[in-house]
Amino acid sequence: MSAATPLPLDAVCSLDEPAAHRRLRAVLEQGLPLTPRPWKSLAEQAGMAEEEVMACVRRWQADGMIKRLGLVVRHRRLGIEANAMVVWDVPDDRVNEVGRRLAQEAAVTLCYRRPRRLPDWPYNLFCMIHGARRERVLAELAAIAERLALGELEHRVLFSTHAYRQCGGRYVQEGVA
Amino acid sequence: MHCHPRDFDSLDRGLIDIYQRGLPVCTRPFLSVAERLGTSETEVIARLERLHSLDVLSRVGPVFDHARAGASLLAAVAVPEETRDAFAALINAAPGVNHNYAREGLAREQGYNLWFVMTAPDEPELEARLDALEAHLGVPILRLPMLEGYHIDLSFPIPWAELECT
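Residues numbered from 1 in each chain as written. Chains lettered and ligands numbered in written order. Predicted model: local features only at pLDDT ≥ 70, side-chain atom pairs only at ≥ 80, totals over all residues.

It is worth spelling out the interface of chain A and chain B at this point. The interface of chain A with chain B comprises 75 residues on the first partner and 74 residues on the second. Ranked by residues supplied to the side of chain A that touches chain B, first place goes to strand S5 (residues 154-166) of chain A with 11 residues. A per-class count over the side of chain A that touches chain B returns 38 nonpolar, 17 polar and 20 charged. In this sheet, strand S1 (residues 57-64) of chain B lies alongside strand S1 (residues 66-73) of chain A in antiparallel orientation, the contact comprising 7 bridges. Opposite Gly70 of chain A, over in S1 of chain B, you have Gly61 of chain B as the bridge partner. (Contact = placed C-beta atoms within 7 Å. Helix = DSSP H or I, 4+ residues; strand = E, 2+ residues; numbered from the N terminus. Nonpolar A, V, L, I, M, F, W, Y, C, P; charged D, E, K, R; others polar. Pairing = 2+ DSSP bridges.)

Here we come to helix H5 (residues 84-93) of chain B. Residues separated by three or four positions in an α-helix point in the same direction, a consequence of the helix having 3.6 residues per turn. Looking only at H5 of chain B, the buried set comprises Phe87, Ala88 and Ile91 of chain B. Burial along H5 of chain B is one-sided: seen end-on, the buried residues are contained in an arc of 100°. Turned more than 90 degrees away from the buried face of H5 of chain B, the exposed residues are Ala86, Ala89 and Ala93 of chain B. Contacts from the buried residues of H5 of chain B go to S5 of chain A together with strand S2 (71-77), strand S3 (97-104), strand S4 (114-120) and helix H6 (123-137) of chain B. (Buried ≥ 20, exposed ≤ 12 C-beta atoms within 10 Å, placed from the backbone. Arc of directions from axis to C-beta.)

Moving on to the domain arrangement of chain B. Accessible area lost when the parts come together is the quantity often used to give the size of an interface. Examined at the domain level, chain B breaks down into domain 1 (5-62) and domain 2 (66-144). Distance between the C-alpha centres of domain 1 of chain B and domain 2 of chain B: 33 Å. (Domains from an automatic or database assignment.)

With that out of the way, let us pick up the pairing of S5 of chain A. The pairing of strand S2 (residues 82-89) of chain A with S5 of chain A spans 6 bridges and is classified as antiparallel. If you follow Asp89 of chain A over to S5 of chain A, its bridge partner there is Glu154 of chain A. Two elements, S5 of chain A and S3 of chain B, share 6 bridges in a ladder whose sense is antiparallel. Bridging from a neighbouring strand, Ser160 of chain A pairs with Arg103 of chain B of S3 of chain B.

So, on to the environment of Leu28 of chain A. Take Leu28 of chain A: it is sitting in helix H1 (residues 18-29). Here Leu28 of chain A is in contact with Leu42 of chain A together with Gly61 and Pro62 of chain B, once residues within four sequence places are set aside.

Position of Arg68 of chain B among the secondary structure elements: in helix H4 (residues 66-69). In this structure, the C-alpha to C-alpha distance between Arg68 of chain B and Val25 of chain B, residues 43 residues apart in sequence, is 21 Å.

On to unusual backbone geometry. Cis rather than trans, the peptide bond between Leu118 of chain A and Pro119 of chain A has omega equal to 5°. Residues other than glycine seldom take positive phi values, yet Ala149 of chain A does so here, at roughly 55°. The residue Ala149 of chain A is located in the loop between helix H5 (134-147) and S5 in this model. Positioned with a positive phi, Asp55 of chain B is a non-glycine residue whose angle comes to about 70°. Mapped onto the elements, Asp55 of chain B comes out in the loop between helix H3 (41-53) and S1.

It is worth spelling out the packing of helix H2 (residues 29-37) of chain B against H3 of chain B at this point. Residues and elements named next belong to chain B. Orientation of H2 relative to H3, taken along the N-to-C sense of each, is 100°, at an axis distance of 8 Å. As summarised for this structure, H2 and H3 are arranged roughly perpendicular, according to the angle between their axes. Contacts from Phe30, Leu31, Val33 and Ala34 in H2 reach Glu41, Glu43, Val44 and Ile45 in H3. For the contact of H2 with H3, a count of residues per class yields 6 nonpolar, no polar and 2 charged. (Axes fitted to C-alpha atoms, helices over the stretch in contact; angles between N-to-C directions. Parallel < 35°, antiparallel > 145°, perpendicular 65-115°, else oblique.)

Attention now moves to the confidence of the model for chain A. Residues and elements named next belong to chain A. In the predicted model, chain A carries a mean pLDDT of 85, and the fraction of residues at 70 or more is 84%. The least confident element of chain A, judged by mean pLDDT, is H1 at 85; the most confident is helix H4 (residues 95-103) at 95. Predicted confidence for residues 1-15 stays below pLDDT 50, and this span has 32 contacts to residues more than four positions away or in other chains. Low confidence marks residues 169-177, where pLDDT is under 50. Its contacts with residues over four positions away, or in another chain, come to 29 contacts. (pLDDT = per-residue confidence, 0-100.)

Right under this line is the structure:
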């Protein structure tokens, strides 16, 4: 996937009233109410019909604006406390290949290319590996590095030591809901 | 402090394992979930409420693609460890911050120890928020936008067996 230009909201939903989209986005970002007809409740909050809301969500899913729909779990609360951000300095002509291969590893939950900021920041590829304990995460990383022959690449493992905030995206301007 | 795996029976685990993605978009999604898991809609809702009250469940809902749902980037600052909490509080107070972690493991000369994700409705607003925060913090913010996403899905299998041993 390329670094896409954000699509105008109007282009991804059949409704032609941007304010309704923003309201729907804002209520969706809070999550579904845990009631038998959650879409109906959301529709009422957004000033739309239940069917329109579901159609809009399906469209956003098809377009990729919604990546997944379901339980957003706080892994730390389940005991998955080791969270490593591994940063790699990969030659530019190899970074896409390495990124794609890393992303296919089951233990890798996110993999992004980002810019270097020389001289302060030489790393251009980021991936996340989670696990119950650090030793397990490091063992996974070692296995991956061996499988993909990444041993030569300069990299650093940044474990999180404290979560000051962990929550979903809030992209919609505050105050529109 | 976290919950223990024994707090979660097979129905809880089924919900978590199966429905981090693919919640059906239909008028009664929890009924559809219940039918697949062999229980009732009421029970599914009760379980989700419990997971939410235990703070295991952040929410049930969509995860938007950062690159398309608005503007966001990964940012970092290098601050003295002894004042890290105060810097983190200032960052959390800024509009649009949705992740904020202390991390260790860099060489001293890099020193970035607070990592956060800043979001905004669009790019100009994102820049404005970062500029304002940078001025407020008084330290430079390393700005690392995503250039390419190879794998952008935070759903992953929970290693229940491994957790049982911790």
